[in-house]
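# Chain and residue survey
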Amino acid sequence: MSSRLGPVLVTGGAGFIGCALSQVLAGEAERWVVLDNLHPQVHPVAERPQALHQAAEFVRGDVTVAADLDTVLAEVRPETVIHLAAETGTAQSLDESTRHSLVNVVGTTQVLDALTRIGHVPDHIVLTSSRAVYGEGEWQRPDGTLFRPGLRTHAQLEAGRWDHEDAVAQPHSAGTTVPAPVNVYGATKLAQEHILSAWTGSRDTSLTALRLQNVYGPGQSLSNPYTGIVSLFSQLAMRGESIPLYEDGDITRDFVFIDDVVSAIATAVRNRPEGQRLVDVGSGEPSTIRQLAETIAAFHSAPAPHVTGQFRDGDVRAASSVLDQELVGLGWKPQWSLADGVAALQGWIRDELAAG
């Protein structure tokens, strides 16, 4: 495999992950072309982000608009397509299902149709999928039996029944955990995987889908209310406020630092598979939101977090993953602990808020 990448198109490449990824890979590509609509929920200022690598070519356009895709694809004819463009947010996806489905599902099919119209098949399509495709995954009862509990109903949550029986959540694994999304966002991400799998399989080209756990770190939007629990908690603690904890504070997540996520994506891009590859990207170390909040509060000497009993419909109780052995075999391994990642994020947020 060549040490230099051919032309690369990155949809949604001006966002949190896309900007960070450009700093690692744009210099290795013949061309690094970013297509992004600069949605105001993510980009309060509608201009090219300063965090994009200087070698990146920025094109303002929308994956749901066929004409935008036709223009950029005909001109670039990418060897690699990195598909980051997506609407995120569990709660918002329940209230704005059409918006999430339009961008995540139809936006994906629009990319594929535009490629078909110009008669071009990329060597490799890379999708950032989500741990949301798993839903609750598998849980284990005290007798050792495994079961898939599915959606926690509104009535169950309203009654404060947070867990599933007297059972323990198991970490997700792409090779064994059956996807069963419990919210609209997760369903649209799984649809992306299925659509791309069918298209690349029939075109005999390569696909990598990376199921990301909860990504955080410098560069994450500080104004988007639907993503970024780590940055939200950080801003509250900086103001000397007690961090509110939903449910009983023992919701479990796998918080993975942005540098580790970018390293995983870069590893996948540099090592194209022969066919289709499905991998998990997480820290391998689950944490409760209480542990996260206490770490952040201690950093700022803020008041102790407090449990509110509030909840979000469509939220899962537990989500984490094992370290993906295929990525590990390619030389990838997460480097950032939660404590180190939280500390790095605090300094960046301070600088951002001071800059105004």
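The structure under discussion appears in the preceding block.
So, a few notes on the structure that sits alongside this text. Please read these numbers as outputs of a predicted model, since none were measured by experiment.

### Comments concerning helix 1 (residues 16-25)
With 7 of 10 residues buried, helix 1 is to be regarded as a mostly interior element. Of the surrounding secondary structure, the elements contacted by the buried residues of helix 1 are strand 1 (5-11), strand 2 (29-36), strand 4 (80-83), strand 9 (206-212), strand 10 (214-216) and helix 8 (258-270).

### Some points on the packing of aromatic side chains
Here the structure, examined in full by the defined rule, presents 3 aromatic pairs. With 6.4 Å between their ring centres and 50° between their planes, Trp-162 and Phe-311 make a pair best called tilted. Note that Trp-162 is positioned in the loop between helix 5 (154-158) and strand 8 (168-169) and Phe-311 in the loop between strand 16 (306-307) and helix 10 (325-329), a separation of 149 residues in sequence. The class of Trp-162 is buried, set by a relative accessible area of 13%. For Phe-311, a relative accessible area of 23% corresponds to the partly exposed category. Here the basic side chain of Arg-141 rests over the ring of Phe-147, its NZ or CZ set 4.1 Å away from the ring centre.

### Describing the sheet that holds strand 7 (residues 146-147)
If you walk across this open sheet you meet the 3 strands as 7-6-8, and the pairing is antiparallel. The open sheet has two free edges, formed respectively by strand 7 and strand 8, since each of these has just one partner strand. In this structure, strand 6 (residues 139-140) lies alongside strand 8, joined through 2 bridges in antiparallel fashion. The residue bridging Gln-140 from the neighbouring strand is Val-168, located in strand 8.

### Observations regarding unusual backbone geometry
In this structure, Glu-165 is a non-glycine residue whose phi angle is positive, near 55°. Tracing the chain through its elements places Glu-165 in the loop between helix 5 and strand 8. You can call Glu-165 exposed: its relative accessible area is 52%. The backbone of Ser-301 sits at a positive phi, close to 55°, despite the residue not being glycine. Locating Ser-301 in the fold gives a position in the loop between helix 9 (289-300) and strand 16. For Ser-301, a relative accessible area of 67% puts it in the exposed group.

### Describing helix 9
With 12 residues, helix 9 extends 17 Å between its outermost C-alpha atoms, agreeing within 8% with the 16 Å of an ideal straight helix rising 1.5 Å per residue. Taken as a whole, helix 9 has its buried residues at Ile-289, Leu-292, Ala-293, Ile-296, Ala-297 and His-300. All buried residues of helix 9 fall inside an arc of 125° around its axis, so they share one side. Packed against the buried residues of helix 9 are helix 7 (229-238), strand 11 (244-245), strand 13 (255-257), strand 15 (287-288) and helix 11 (338-355). Once helix 9 ends, the next one or two residues include Ser-301, with phi positive near 55°.

### A short note on the sheet that holds strand 5 (residues 124-130)
Strand pairing in a sheet relies on backbone hydrogen bonds, with the paired strands running either antiparallel or parallel. With parallel pairing, 7 strands are arranged side by side in an open sheet as 3-2-1-4-5-9-14. Each edge of the open sheet carries a strand with a single partner, namely strand 3 (56-60) and strand 14 (276-281). Here the average twist between neighbouring strands, direction ignored, is 20°. For strand 4 and strand 5, the ladder comprises 4 bridges, and the chain directions are parallel. In the strand pairing of strand 5, His-83 is matched with Leu-127. Packed on one face of the sheet, helix 1 meets strand 1, strand 2, strand 4 and strand 9 and runs near 170° to strand 2. Across the sheet, helix 6 (residues 184-203) touches strand 4, strand 5, strand 9 and strand 14, and the angle it forms with strand 5 is around 160°.

How each quantity is defined
Residues numbered from 1 in each chain as written. Predicted model: local features only at pLDDT ≥ 70, side-chain atom pairs only at ≥ 80, totals over all residues. Heavy atoms only, no water. Buried < 20%, exposed > 50% of the residue type's maximum accessible area, 1.4 Å probe, protein only. Helix = DSSP H or I, 4+ residues; strand = E, 2+ residues; numbered from the N terminus. Contact = heavy atoms within 4.5 Å. Phe/Tyr/Trp six-rings, centres within 6.5 Å; stacked < 30°, edge-to-face > 60°. Lys NZ or Arg CZ within 6 Å of the ring centre and 35° of its normal. Pairing = 2+ DSSP bridges. Expected span 1.5 Å × (residues − 1). Arc of directions from axis to C-beta. Axes fitted to C-alpha atoms, helices over the stretch in contact; angles between N-to-C directions.

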